[in-house]
Amino acid sequence: MATAAPSGPDTRPIDAHVHVVGNGSGGSGCWLRVRGWHRPLAALMLRHIGLPLAAMQGDLEGLYVGRLLELVRGSSLSRVVLLAQDMVYDEEGRKMQHLGSFYVPNDFVLGLAKQRPEFLPAVSIHPARPDALEELERCLANGAVMMKCLPNCQNINCNDRRFTRFWERMAEARLPLLAHTGGEHTLPVVRPEYADPRVLALPLECGVKVIAAHCGTKSGLFDPEYFHVFVGMTRRFDNLYGDISAFNVPLRGRHVKKCLESPLTERMVHGSDFPVPVHGHFAWMKGFIDWRTFRRWERNPNILERDYQLKVAMGFSPETFTRIHGLLRPH
């Protein structure tokens, strides 16, 4: 379902939340540590995106990026934002080598974006790093359009006043922050309390445009519910947005109807959370989509297109899929 590129500025839909992984086989610097029950989950995700389990031990990044590029080109999307993943650091800026399940260097996503116009680079910088500001400047100079972090998984208290200059520099550079909010079960969690969207208050106060990934929704049945906190914060901060990534997963998708209501819907941004599985069963069972729509897109093997079309059918406006154009740092 690829669409022709327009002759003027490209304002077609963008997926602003796409993960990339690798095992370092291609000299990328990526690494991946899959343990315990995450092993069958990783295998499920690989199968879901059309890769064999053997890719884990082979040229994972090459196969993964090749498949992702194929999916983007076969979809209604013009581009996707690729997310780097920094290491876990302690409060004093020391690497916590034993923590974290995968690492994706900034140079990897920056390099991919230079090679392929379908990719936009979102870098990941832990603000406690001794070289955080230097790395930020380097990434800005090399074309970063967004910064991504997972406070609860990377041990980032974004409200730590020591990070004020870091957030101020991001605001000056017009570099938005995509920050995970709500529960998390696909990655090891270091500080569960940092899933609370209120941990993002300081960067918001510094003027950073912040996108709360998942809008503070649950991932697991017994996770705290932060969606109402996110909604309240959108009334306080006009620079706070939320992405609808993984909203085709049952618990995260519980609040679709609220997200379609004004004024909240004017803060929604599209993201898939690729390679998280995409299925329309929950949306159909909740009455968000009809049976014919469910059957049509459930059969489509392109999960980027499936996720996009299911959300269109739910009622998300065209602006939801293009709003990110006005938030990304100009590139």
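Preceding this paragraph is the structure being described.
In this text the structure is predicted, and so the values were computed from the model without any measurement. Going along each chain's sequence as written, the residues are numbered from 1 onward. Confidence filtering applies because this is a predicted model: local features only for residues at pLDDT of at least 70, side-chain atom pairs given and counted only at 80 or more, and all residues used for totals across whole chains, interfaces and linings. As a convention, hydrogens and water are excluded, and side-chain values are obtained from all of the structure's heavy atoms.

**With respect to the sheet that holds strand E6 (residues 146–149)**
By way of backbone hydrogen bonds, the strands of a sheet pair with one another, either parallel or antiparallel. Inclusion rule: By this definition, two strands are paired if DSSP reports at least two bridges between them. Counting from the N terminus, the helices are the DSSP runs of H or I reaching at least four residues and the strands are the DSSP runs of E reaching at least two.
In spatial order, the strands read E1-E3-E5-E6-E7-E8-E9-E10; together these eight strands make up an open sheet with parallel pairing. Pairing within the sheet leaves two strands with one partner each, and these edge strands are strand E1 (14–19) and strand E10 (268–269). Bridging between strand E9 (residues 240–243) and E10 involves two bridges; their strand directions are parallel. Bridging across to E10, Asp-243 finds its partner in Val-269.

**Examining a nonpolar patch on the surface**
Condition: Each patch groups residues whose relative accessible area exceeds 30% and which form no salt bridge, using 9 Å between like charges and 5 Å between nonpolar side chains of Val, Leu, Ile, Met, Phe, Trp and Tyr. All accessibility values rest on the Shrake-Rupley procedure with a 1.4 Å probe; residue burial counts only the protein chains present in the view. Salt bridge criterion: a side-chain nitrogen from Lys or Arg within 4 Å of a carboxyl oxygen from Asp or Glu.
Together, Trp-284, Met-285 and Trp-291 make up an exposed nonpolar region whose accessible area comes to about 380 Å². With respect to the secondary-structure elements, Trp-284 resides in helix H10 (residues 281–285).

**What about the environment of Glu-172?**
In plain terms, the rule: Only protein chains enter the calculation, and the probe is 1.4 Å; a residue is then buried if its accessible area is under 20% of its type maximum, exposed if over 50%, and partly exposed in between. Polar contacts, as counted here, are pairs of nitrogen or oxygen atoms within 3.5 Å of one another; within protein the pair requires one atom able to donate a hydrogen and one able to accept it, and residues that are adjacent in sequence qualify only if both atoms are side-chain atoms.
Position of Glu-172 relative to the elements: it lies in helix H6 (residues 164–173). Accessibility expressed as a relative area gives 48% for Glu-172, which makes it partly exposed. At 2.9 Å, the side chain of Glu-172 and the side chain of Arg-165 are in polar contact.

**Overview of the pattern of salt bridges**
If charged atoms from side chains of opposite charge come close, those side chains can pair. One pass over the full model with this rule turns up 20 salt bridges. As a salt-bridge pair, Arg-67 and Glu-70 come within 3.2 Å of each other at their nearest N and O atoms. A residue pair is termed a helical-turn pair when its members lie 3 or 4 positions apart in one helix, as Arg-67 and Glu-70 do in helix H2 (residues 60–73) at three residues. Here Arg-67 falls in the buried class, since its relative accessible area comes to 17%.

**With respect to the packing of aromatic side chains**
The cut-off we apply is this: Aromatic rings from Phe, Tyr and Trp, taking only the six-membered ring of Trp, are treated as a pair when their centres fall within 6.5 Å; an angle between ring planes under 30 degrees marks them as stacked, one over 60 as edge-to-face, and anything in between as tilted.
Within the structure shown, the criterion is met by nine aromatic pairs. With a centroid separation of 6.4 Å and an interplanar angle of 45 degrees, the aromatic rings of Phe-227 and Phe-230 are classed as tilted. You can see Phe-227 and its partner Phe-230 sitting in helix H8 (residues 227–236), three residues apart, about one turn around the helix. For the pair Phe-227 and Phe-230, a shared accessibility class is recorded, and that class is buried. Among the aromatic residues, those joined into a ring-pair cluster are Trp-284, Trp-291 and Phe-294.

**Here's the deal with the nonpolar core**
Definition in use: Take the buried Ala, Val, Leu, Ile, Met, Phe, Trp, Tyr and Cys residues and link them wherever side-chain atoms come within 4.5 Å; each set so joined is a nonpolar core. Whether two residues touch is decided by their heavy atoms; if any such pair falls within 4.5 Å, the residues are in contact.
Counting 92 residues, the largest nonpolar core has Met-147, Trp-167, Met-170, Leu-177, Phe-230, Phe-274 and Phe-316 as the members making the most contacts within it. Phe-316 has contacts with Ile-244, Phe-247, Val-256, Cys-259, Leu-260, Met-268, Lys-311 and Phe-321, leaving out every residue within four places of it along the chain. In this structure, Leu-83, Val-145, Ile-211 and Val-269 belong to the second largest nonpolar core, which totals 16 residues.

**A closer look at unusual backbone geometry**
Residue Pro-263 is reached from Ser-262 by a cis peptide bond, and omega for that bond is 10 degrees. Positionally, Pro-263 belongs in the loop between helix H9 (256–259) and E10. Pro-275 follows Phe-274 through a cis peptide bond whose omega is 15 degrees. Along the polypeptide, Pro-275 turns up in the loop between E10 and H10.

**Observations regarding the side chain of Glu-135**
Assignment of secondary structure puts Glu-135 in helix H4 (residues 132–141). You can call Glu-135 buried: its relative accessible area is 10%. A distance of 2.9 Å separates polar atoms of two side chains, one belonging to Glu-135 and the other to Arg-138.

**A word on H4**
Here is the rule: This arc corresponds to the set of directions leading from the helix axis out to the C-beta atoms.
Buried within H4 we find Ala-132, Glu-135, Leu-136, Cys-139 and Leu-140. Viewed along the axis of H4, the buried residues span an arc of 135 degrees, placing them on a single side of the element. For H4, exposure combined with an orientation more than 90 degrees from the buried face picks out Glu-134 and Ala-141. Turning to H4, the residues buried within the fold contact helix H3 (106–115), strand E5 (119–123) and H6. With its phi angle positive at about 100 degrees, Gly-143 sits one or two positions after the end of H4.

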